[in-house]
Amino acid sequence: MSQWSQVQQLEIKFLEQVDQFYDDNFPMEIRHLLAQWIESQDWEAASNNEAMATILLQNLLIQVDEQLDRVSQEKNLLLIHNLKRIRKLLQGKYHGNPMHIAVIISNCLREERRILAAASMPVQGPLEKSLQNSVVSERQRNVEHKVSAIKNSAQMTDQDVKYLEDLQEEFDFRYKTIQSLEQSDKNSALIKQEMLALQAMLNTLDYKRKEVLSKIGRVIHEIDTLMSNMLTEELLDWKRRQQIACIGGPLHGGLDQLQNCFTLLAESLFQVRRQLEKLDELLTRLTYDGDPIPLQRPQLLEKVNFLLYNLFRNSFVVERQPCMPTHPQRPMVLKTLIQFTVKLRLLIKLPELNYQIRVKATIDNKCNFFHSNRRFVLCGTHVKAMNMDESANGSLSVEFRHLVKAYASGGKRGLKNPKHNTALPLSSAAFTFCIRSFHQTSSLPVVMISNVSQLPNAWASIIWYNLSTNDPQNLSFFNNPPAATLSQLLEVLSWQFSSYVGRGLNSEQLNMLAEKLMGQQVSYNDYQLSWAKFCKEHLPGKSFTFWVWLEAILDLIKKHILPLWIDGYVMGFVSKEKERILLKDKTPGTFLLRFSESNLGGITFTWVDQLENGDVTFHSVEPYNKGRLSALPFADILRDYKVIMADNVPENPLKYLYPDIPKDKAFGKHYSSQPNEVSKPSDGGGKGYVPSVFIPVSKILNDSTDPHSPSDLLPMSPSVYAVLREHLSPTVIETAVLSFFASSPFSLITLMTD
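Residues numbered from 1 in each chain as written. Predicted model: local features only at pLDDT ≥ 70, side-chain atom pairs only at ≥ 80, totals over all residues. Heavy atoms only, no water.

Colleague: Got a minute to help me understand helix H16 (residues 486–501) in this structure?
Modeller: Since the α-helix packs 3.6 residues into each turn, any two residues three or four apart lie on the same face. Taking 1.5 Å per residue, 16 residues should reach 22 Å; H16 reaches 22 Å between its end C-alpha atoms and fits that length. For H16, the tally of buried residues reaches 15 of 16 residues, placing the bulk of the element in the interior. (Helix = DSSP H or I, 4+ residues; strand = E, 2+ residues; numbered from the N terminus. Expected span 1.5 Å × (residues − 1). Buried < 20%, exposed > 50% of the residue type's maximum accessible area, 1.4 Å probe, protein only.)

Have a look at this one:
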C-alpha cells in the first residue's frame, strides 16, 4: 500500500494535520494523482543536487501533462482547469529554483510519515497531551466566537452612527429653516410648536450620542479584554507549539486562525476609529452644553490607538524559524557560510498594507549562552518589504535568505583552531526583526557551528533548550541547565525518530532508553535527568555519550535501513538480556534485530537455536555498520546469510522474524535482487576472466554455544554458493572454506574459465 493510501485512511484529526502543509507550493491534487510516482523519487537527495532537482521538476511537469491528456479524454472540465493552473504555477514558481520544490516535497513526505507514525502510537506523551487538551481547544473556540461577536457589534454601531448622522442632518435642516425666517414669522404659534419639536429632537440627538459613545466604549472594552487575556494566551500557546514542532513534535497549526482573529480585531478597531472620526465631524456641525462627544471622544480615540499599536506589535511573528535547507529536520542549527532561510508574518492581513511595511533583519550577538568569543554578521539583503504575493495563502509575509560569517571579538575573521585543526566551540545568537524601529520580534536562539561534525551536539542543545523553557532569550540557560523530566525527554526522543525516520518509539523501546540513561529499571514519570547525563557524560564503560550513540542510530536508520524501520520490523532498542528472554521459548531460527550498545551506528541480529541435547543457544553476528551496509543492503544480508555448523554445508539459520513472521514475508519486498539474478562465471569478464566475489562465511563450532568470535558470523550469499557448486567440486569448496577459517573472516575466491 502506498504511503498516500495509508494517509487517506487516517482519522479526521490526523487528516486535518495533513491538510495544513499542502498548499499552492505543492497542491494536494498533484500529490493525489501522482502518488506512486512521487513516492518512488528521491526528493531528499534532489534537495541538495540542482541537476537532479532540475530533472525531477521536468519529469514532474511531464507527469502532469500525461494526467492532463487523460482527464481531457474523460472531459473532466474542473480537473482540466485545475491541472492547467497547477502546471503553470509549478513551472513559474520553480523554473529558476528547482531545488526548492524538492525540499518542499521531501518535507511533505516526511511529515506524512511522522503523522502516520503518530497515528500508530496508542499513547500520547505528556507534552503532546498538554498541547492538545480540551481546555486549549475550548479557548480557541471562545476566542473565535468573541471576535465574531465584536465584529458584529462594531457593524451594528456603524448603523447607529448613520442613524445619528441622518437625525442630525434633519435637525440641522429644520433649525436653519427657522433661522432663515423673518423675525415677525418666528413669533407665530406654528413656529413655536416647531421650536418645541426641535428641542425634543435635540434631546434625542443627545441621547443617541451618549448611546453611540457607550456602544463604542463597550466594543473597545471587549477588544481590550480579549487581547489582554484569551488572545495573548492563544499567541503564547502557538509560540510554544512552534517550539515543540521545531524539535520534532506535532505540527503546530492555528496560525491562520490567529491571523483571522487579529485581522478581524484590526478591522473592528479601524471601524471604531472611523466612527469616532465621524462623531468629531458631527461635533463641528453641532454642539451644545453637556455634549458628550468632546468629553468622551478623546479618551476613546486614545484607547483605540493604543490597542491598534499593541495589536500590530503582537501580530508580528516568526512564522518559520531559521533553518538551513540542507538540514530541514534540524532547524535553528546554522553553519557559517551556509545559506539559511527565515520567514516572518504579520497576522493582520489588510490589502492596504501590501508592500507598505519594511522589515529590517539584524543578528543579536548578545544572545550567546555558550560564552564564545565569536561574533557574527549577516550577509545578504537586510531590509525587505512584506507582501501578499509570495505566500501561498495570501498572508502578509517576508522571507529572508542569509549567510552568516563569524569573526573573533578581537576582530579576526575566518577563525580556525591552529593547534588541533578542529571545529570551534558552539556559539549561539538570535535574529531580531524590526518594523520602523518600534515593532520588533526575535527568533528563537540559534546555535552556530563551523563544522558539520558539531551538528549532533548543536541539535542536542536545541532540543534541551526548547524542551525546558519558552523564554526566547534566556541568556543564562546553559550556565546552569535545568534538569528535564525524563518522561518528557523520552517523548521528545520518540519524536526524533518519527520526524526524522518516519516511525516513533513504542513503550518497550522507550523503557530500554530509560534504563540506558538511568542504569537500572526505574519509574520515569517524575524522574529528573540532568543535561550532563544526556549529552556530556560518557555511558558506563563506553567512549561516547548517550546522545552520540542515539544520533548514530538515527543516521544508520536514515541511510541504510529506513524501509525496514518504517515497517516496524526492527525492534532495535532491546538489551542482550531482554532479547534472550524473548527468544528462548521461540521456534529455532527465530531472530530479532537490535542496535548495538557497544558500537556506534551498528545493527545486529540474534537468533535462537537448539542443541541435540535440547538446550537452547543464542547466536549474534558482529554488528553491521554503515561501511558494510553501504556495500550490501541489510535485507539482502538477512536473505543470503549463511553459517557452517561443524562439517555441514552452509545454511541460512534465519527462519522467522520475532515473534513468528516468516522471514521472506517480512523482508521479501525489500530484497534488491533475487538470488538467481547473480551472474554466472560465463556471463562476465573478458578474455577468460570472470568477476570476483567475496564469500563471507560464518562457522559455529560444536563445542561452544557461542560464536568463536563475533567477526566469524558474517554473511554468505546462497547465490554465490550455487555458483560455486556449479563450477567447483565439493572437495575444492571445502578446501577454500578451511583455508578461509585459517586466515581471516573474509576470503576472496576468483573463478577462472579454462
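Colleague: Can you help me understand helix H2 (residues 12–20) in this one?
Modeller: Of the positions making up H2, those classed as buried are Phe-14, Gln-17 and Val-18. The buried residues of H2 occupy one face: seen down the axis, they fall within an arc of 100 degrees. (Arc of directions from axis to C-beta.)

Colleague: Which parts of the structure should I look at to understand the pattern of salt bridges?
Modeller: Once their charged atoms are close, side chains differing in charge can pair, the charge on each being opposite to the other. Overall, the coordinates contain 30 salt bridges when judged by the stated rule. Ionic pairing is found between Arg-330 and Glu-551, a salt bridge with its closest N-O pair at 3.4 Å. Residue Arg-330 is found in the loop between strand E1 (316–323) and strand E2 (333–335), and its partner Glu-551 is found in helix H19 (residues 546–566); the two are separated by 221 residues along the sequence. Here Arg-330 matches Glu-551 in class, with each residue buried. For the salt bridge of Asp-567 with Lys-669, the shortest nitrogen-to-oxygen distance reads 3.4 Å. In this pair, Asp-567 is assigned in the loop between H19 and helix H20 (576–583) and Lys-669 in the loop between helix H23 (663–667) and strand E19 (693–694), connecting sequence segments 102 residues apart. The exposure class of Asp-567 is partly exposed, given its relative accessible area of 27%. Classification of Lys-669 as exposed rests on a relative accessible area of 64%. (Salt bridge = Lys/Arg side-chain N within 4 Å of Asp/Glu carboxyl O.)

Colleague: How do you make sense of the sheet that holds strand E17 (residues 656–657) when you look at a structure like this?
Modeller: Through backbone hydrogen bonds, the strands of a sheet pair up, either in parallel or in antiparallel fashion. Reading across from one edge, E15-E14-E13-E17-E18 is the order of the five strands in this open sheet, with mixed pairing throughout. The two strands at the open ends of the sheet, each matched to only one other strand, are strand E15 (616–620) and strand E18 (661–662). With five bridges connecting them, strand E14 (residues 603–610) and E15 associate as antiparallel partners. Residue pairing across strands places Gln-610 opposite Val-616, the latter belonging to E15. Sheet strands touched by H19: strand E13 (590–595) and E14. Its angle to E13, the strand with the most contacts, is close to 150 degrees. Running at roughly 160 degrees to E13, H20 makes contact with E13, E14 and E15 of the sheet. (Pairing = 2+ DSSP bridges. Contact = heavy atoms within 4.5 Å. Axes fitted to C-alpha atoms, helices over the stretch in contact; angles between N-to-C directions.)

Colleague: What's the story with the environment of Gln-243 in this structure? I'm lost.
Modeller: You can see Gln-243 is positioned in helix H12 (residues 189–246). The exposure class of Gln-243 is buried, given its relative accessible area of 2%. For the pair Gln-243 and Asn-466, spaced 223 residues apart in sequence, the C-alpha to C-alpha distance is 5.9 Å. For Gln-243, the residues in contact, after removing those within four places along its chain, are Leu-444, Asn-466, Thr-469 and Asn-470. Engagement of the side chain of Gln-243 in a polar contact is seen with the side chain of Asn-466, the distance being 2.9 Å. (Polar contact = N/O pair within 3.5 Å; in protein donor to acceptor, adjacent residues only side chain to side chain.)

Colleague: Looking at this model, I keep getting lost on the side chain of Thr-469. Mind explaining?
Modeller: If you trace the backbone, Thr-469 turns up in the loop between helix H15 (455–468) and strand E11 (484–485). You can call Thr-469 buried: its relative accessible area is 11%. Separated by 3.0 Å, the side chain of Thr-469 and the backbone nitrogen of Asp-471 make a polar contact. Not counting residues up to four positions away in its chain, the partners in contact with Thr-469 are Arg-240, Gln-243, Asn-474 and Phe-477.

Colleague: Sorry if this is basic, but what is going on with the confidence of the model for the chain here?
Modeller: Any region with low pLDDT has predicted coordinates that should not be read closely. Across the chain, the average pLDDT comes to 80, with 79% of residues at 70 or higher. Averaged pLDDT values for the elements of the chain fall to 28 in strand E21 (residues 748–749) and rise to 94 in helix H14 (residues 292–315). Contacts of residues 703–715 to residues separated by more than four positions or lying in other chains number 43 contacts, the stretch itself having pLDDT below 50. (pLDDT = per-residue confidence, 0-100.)

Colleague: I'm lost on the packing of aromatic side chains in this one. Help?
Modeller: One pair of aromatic rings is described through two measures. These are the centre distance and the angle between the planes. For the coordinates displayed, the defined rule picks out 24 aromatic pairs. Look at Trp-4 and Tyr-22: their rings are 6.0 Å apart centre to centre, the planes differ by 80 degrees, and that puts the pair in the edge-to-face class. Taken together, the residues span a long stretch of sequence, with Trp-4 in helix H1 (residues 3–8) and Tyr-22 in the loop between H2 and helix H3 (28–33) at a distance of 18 residues. Judged by its relative accessible area of 5%, Trp-4 falls in the buried class. Taking 5.8 Å as the distance between ring centres and 75 degrees as the angle between the ring planes, the aromatic pair formed by Trp-549 and Phe-573 counts as edge-to-face. Residue Trp-549 is located in helix H19, and its partner Phe-573 is located in the loop between H19 and H20; the two are separated by 24 residues in the primary sequence. (Phe/Tyr/Trp six-rings, centres within 6.5 Å; stacked < 30°, edge-to-face > 60°.)

Colleague: Is there a simple way to explain the nonpolar core in this structure?
Modeller: A general feature of soluble globular proteins is that nonpolar side chains tend to end up buried together. Counting residues in hydrophobic clusters, the biggest one holds 155 residues, and the most contacted among them are Leu-513, Phe-534, Phe-573, Phe-605 and Phe-634. No other element matches the 19 residues that H12 contributes to this core. (Core = buried A, V, L, I, M, F, W, Y, C linked by side-chain atoms within 4.5 Å.)

Colleague: Mind showing me how you'd approach unusual backbone geometry here?
Modeller: Glycine aside, a negative phi is what most residues show, and trans is what most peptide bonds show. Going from Tyr-658 to Pro-659, the amide bond is cis rather than trans, its omega being 5 degrees. With respect to the helices and strands, the residue Pro-659 is situated in the loop between E17 and E18. In the Ramachandran plot, Leu-337 falls in the positive-phi region, its phi being about 70 degrees despite a non-glycine side chain. With respect to the helices and strands, the residue Leu-337 is situated in the loop between E2 and strand E3 (340–346). In this model, Tyr-355 sits at a positive phi of 65 degrees, which is unusual for a non-glycine residue. Here Tyr-355 lies in the loop between E3 and strand E4 (358–364).

Colleague: Could you clarify how one ought to interpret the packing of H12 against H15 in this entry?
Modeller: Each pair of packed helices gets described by two things: the angle between the helix axes and the distance between those axes. The contact between H12 and H15 brings their axes to 9 Å, and the two run at 150 degrees. Here H12 is positioned roughly antiparallel relative to H15, judged by the angle of their axes. Where H12 crosses over H15, the handedness of that crossing is left-handed. Residue-level inspection shows Arg-240, Gln-243, Ile-244 and Cys-246 of H12 in contact with H15, the latter providing Trp-459, Asn-466 and Leu-467. (Parallel < 35°, antiparallel > 145°, perpendicular 65-115°, else oblique. Left-handed = near helix turned anticlockwise from the far one by under 90°.)

Colleague: Explain the packing of H15 against H16 to me, please; I cannot follow it from the model alone.
Modeller: The contact between H15 and H16 brings their axes to 11 Å, and the two run at 135 degrees. Looking at the two axes, H15 sits oblique to H16. You can see that H15 and H16 cross each other, and the crossing is right-handed. Where H15 approaches H16, its residues Trp-459, Ile-463, Trp-464 and Leu-467 are matched on the opposing element by Gln-488, Leu-489, Val-492 and Gln-496. Among the residues making up the contact of H15 with H16, the classes are represented as six nonpolar, two polar and no charged. (Nonpolar A, V, L, I, M, F, W, Y, C, P; charged D, E, K, R; others polar.)

Colleague: Is there a simple way to think about the environment of Asp-237 in this case?
Modeller: Topologically, Asp-237 is positioned in helix H12. For the pair formed by Asp-237 and Gly-254, sequence separation is 17 residues and the distance between their alpha carbons is 9.8 Å.

Colleague: Got a minute to help me understand the pairing of E13 in this structure?
Modeller: Side chains on a regular strand alternate between the two faces of the sheet. For E13, the tally of buried residues reaches six of six residues, placing the bulk of the element in the interior. Across the two faces of E13 the burial is the same, with Thr-590, Leu-592 and Arg-594 and Phe-591, Leu-593 and Phe-595 all buried. In this structure, E13 lies alongside E17, joined through two bridges in parallel fashion. When the bridges of E17 are listed, Phe-591 appears paired with Leu-657. By the bridge criterion, five bridges tie E13 to E14 in an arrangement that is antiparallel.

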